[in-house]
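Working through the structure, step by step
Below, each chain spelled out in residue letters.
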Amino acid sequence: MTTTIPFLDIAAAHEELRGELDTAYARVMQSSWFILGNEVTSFEAEFAAYCGADYCVGVGNGLDALHLILRGMDIGPGDEVLVPSNTFIATWLAVTQAGATPVPVEPVTSTYNMDPAQIEAAITPRTRAIIPVHLYGQPADMSPITAIAQQYGLKVIEDAAQAHGGTYRGKRTGILGDAAAFSFYPGKNLGALGDGGGVVTNDPVLGQRVRELSNYGSKQKYVHDLAGYNTRLDELQAAFLRAKLPVLDEWNKRRAALANRYMTQLSGTDVVLPVVIDSAESVWHLFVVRVKDRERVMRTLANAGVGIQIHYPIPPGRNGAYAGTPAAAIRCPIADTLSDEVLSLPIGPHMSSDQLDRVCEVLLVALKN
Ligand SMILES: *Cc1c(COP(=O)(O)O)cnc(C)c1O
């Protein structure tokens, strides 16, 4: 008998909120207003309030959120931006799209987040900003990062695509730097039913610039002050996100309970568990462990019907997209090792503790063989 344990059960999430999502859809259909209307304006206000920020600007996706922040800060050709050596490639691509150069900084091996102690060595006279990523849901160690940024006059841009609701020293992600980029890709902790993204900031000038850039560089219809883009959150997705935002904290709590259970069940084994620093609370977007002989362990889990993934099998700088660029020439041994060892186990607000126990059982058997 094989029971399948999905990596993330999005269908169950939507089943729980079917009534709210149906109402959201009906509201937008009824209004028949699809771009830049009340749903987006309301979601922006609600999500900004959730983060404790002054402004949120809905955009098309998380990559564009990062890109527009960089553009809004006038970061471009000739500039360097510090990025984690181990992140989803979008963090790097945003810098590249802005015309600037991504410069990798290695993580702390135990937390997977950017190592503040490695930052200064990467700073040059061309450095303009640091993009810490709250990887797998855990806020990066922001205090030392912002202290270095202040000392060198750099901007701090949070890549919060995996950490909606995460906190650092009691403050939510979104207000831990100069601006933050969120993704509402369906699989994220707060996910739409399609693509979506948001820029969160307390800086009114930057917020306004991002808003203009996202909408053809226009403040007033058919008047274009900037050579902008078309990357907006649409009404339907905003309505769905408004239906899902009220349960975000509850769903993050369910993830945390599962993470604790994994920690208990897998402690004292050969599985290397994730470490959360004292000042941070993770929202457990992913539960990432490290194992030796990963290929074999993965096969066993897959054969037992356990959905597993790798985040990420190739560090951004080792991808073909960066072949021959200066970033690819920088040695990143920690990112290389992590990409060989990390393994993401199933986690999500609709996973049961029985399912989790089964994953642990299969994993521990696989390790013994
Ligand atoms: C998902 C993600 C992004 C990009 O978000 P999209 O909405 O898919 O464009 C950026 N950075 C990180 C760390 C992500 O996980």
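Being a predicted model, the structure only gives us computed values, none of them experimental. (Residues numbered from 1 in each chain as written. Predicted model: local features only at pLDDT ≥ 70, side-chain atom pairs only at ≥ 80, totals over all residues. Heavy atoms only, no water.)

1. Focus: empty space enclosed by the protein
Scanning all chains against the criterion turns up 4 cavities of 30 Å³ or more. The space that makes up the largest cavity amounts to roughly 110 Å³. If you trace the largest cavity, you find 15 residues lining it, with Leu8, Ala13, Lys188, Trp251 and Arg255 closest to the centre. Where the lining of the largest cavity is concerned, the elements lending two or more residues are α1 (10-16) and α9 (248-266). Residues belonging to the lining of the largest cavity are distributed by class as follows: 7 nonpolar, 4 polar and 4 charged. (1 Å grid on protein atoms, 1.4 Å probe; cavity = no way out; pocket = protein on both sides within 12 Å on 5 of 7 lines; lining within 4 Å. Points joined across faces, edges and corners; volume = space filled by probe spheres on them. Helix = DSSP H or I, 4+ residues; strand = E, 2+ residues; numbered from the N terminus. Nonpolar A, V, L, I, M, F, W, Y, C, P; charged D, E, K, R; others polar.)

2. Side note on the layout of surface pockets
Approximately 620 Å³ is the volume attributed to the largest pocket. Looking at the largest pocket, it is lined by 33 residues, and the ones nearest its centre are Phe88, Tyr185, Lys188, His285 and Tyr312. Those elements giving two or more residues to the lining of the largest pocket turn out to be α4 (62-72), α5 (90-97) and β8 (179-183). Of the residues belonging to the lining of the largest pocket, the class tally is 18 nonpolar, 11 polar and 4 charged. In terms of domain composition, the lining of the largest pocket takes at least three residues from each of domain 1 (10-106 + 113-246) and domain 2 (248-368). Its volume calculated, the second largest pocket comes out at about 280 Å³. Along the wall of the second largest pocket there are 17 residues; nearest its centre are Asn252, Ala256, Glu281, Ser282 and Val283. Listed by contribution, the elements that provide at least two residues to the lining of the second largest pocket are α9 and β12 (280-281). Looking at the lining of the second largest pocket element by element, the count peaks at 6 residues for α9. (Domains from an automatic or database assignment.)

3. Quick notes on the domain arrangement of the protein
In terms of domains, the protein is made up of domain 1 (10-106 + 113-246) and domain 2 (248-368). When each unit is reduced to the centre of its C-alpha atoms, the spacing between domain 1 and domain 2 is 24 Å. Listed per partner, the contact involves 39 residues of domain 1 and 35 residues of domain 2. A buried area of about 3000 Å², summed over both sides, lies between domain 1 and domain 2, and 59% of it is on carbon and sulfur atoms. Broken down residue by residue, the surface that domain 1 buries against domain 2 is led by Glu106, Tyr136 and Asn189, which jointly contribute 25%. Viewed at the interface, domain 2 and domain 1 are joined by 2 salt bridges. Put simply, Arg254 and Glu16 hold a salt bridge, and the shortest N to O gap is 3.1 Å. Applying the counting rule to domain 1 against domain 2 returns 27 residue pairs in polar contact (both at pLDDT 80 or more). For the side of domain 1 that touches domain 2, the secondary structure elements donating two or more residues are α1, α5, β3 (101-105) and β6 (167-168). Grouping the amino acids of the side of domain 1 that touches domain 2 by side-chain chemistry returns 19 nonpolar, 13 polar and 7 charged. (Contact = heavy atoms within 4.5 Å. Buried area = accessible area lost by both parts, 1.4 Å probe. Salt bridge = Lys/Arg side-chain N within 4 Å of Asp/Glu carboxyl O. Polar contact = N/O pair within 3.5 Å; in protein donor to acceptor, adjacent residues only side chain to side chain.)

4. Brief notes about the site of the ligand
Near the ligand you find 13 residues, and of these Gly62, Asp159, Gln162, Ser183 and Lys188 are the closest. Leu63 places a polar main-chain atom, nitrogen or oxygen, 2.9 Å from an oxygen atom of the ligand. One of the side-chain N or O atoms of Lys188 is found 2.7 Å from an oxygen atom in the ligand. In the complex, the protein chains occlude 91% of the 380 Å² of accessible area that the ligand would expose alone. Judged by the fraction of its atoms near the pocket grid, the ligand is located in the largest pocket. Tallied by class, residues from the shell around the ligand come to 5 nonpolar, 6 polar and 2 charged. (Near = heavy atom within 4 Å. Areas by Shrake-Rupley, 256 points an atom, 1.4 Å probe, with all protein chains shown as cover. Sits in = over half its atoms within 2 Å of the grid points.)

5. A look at the pattern of salt bridges
For the structure shown, the criterion picks out 16 salt bridges. A salt bridge links Glu44 to Arg211; its shortest N-O distance comes to 3.1 Å. Within this pair, whereas Glu44 is found in helix α3 (residues 38-51), its partner Arg211 is found in helix α7 (residues 204-214), the two being separated by 167 residues in sequence. For Glu44, a relative accessible area of 7% gives the class buried. Between Glu361 and Arg358 there is a salt bridge, and its shortest N-O distance comes to 3.3 Å. Placement of both Glu361 and Arg358 in helix α12 (residues 353-368) is noted, with a separation of 3 residues, approximately one turn of the helix. Under the relative-accessibility criterion, Glu361 is labelled partly exposed at 46%. Owing to a relative accessible area of 30%, Arg358 belongs among the partly exposed residues under this scheme. A cluster of three or more residues bridged by salt bridges with shared partners is formed by Arg27, Glu39, Glu46 and Arg242. (Buried < 20%, exposed > 50% of the residue type's maximum accessible area, 1.4 Å probe, protein only.)

6. Here we look at the packing of helix α2 (residues 18-31) against helix α8 (residues 235-244)
Packing of α2 against α8 leaves a shortest axis separation of 9 Å and a crossing angle of 150°. Comparing their axes, α8 and α2 come out roughly antiparallel. The handedness of the crossing between α2 and α8 is right-handed. Residues Glu20, Leu21, Ala24, Tyr25, Arg27 and Val28 of α2 touch α8, and the partners they reach there are Glu235, Leu236, Ala239, Phe240, Arg242, Ala243 and Lys244. Class assignment of the residues belonging to the contact of α2 with α8 gives a composition of 8 nonpolar, no polar and 5 charged. (Axes fitted to C-alpha atoms, helices over the stretch in contact; angles between N-to-C directions. Parallel < 35°, antiparallel > 145°, perpendicular 65-115°, else oblique. Left-handed = near helix turned anticlockwise from the far one by under 90°.)

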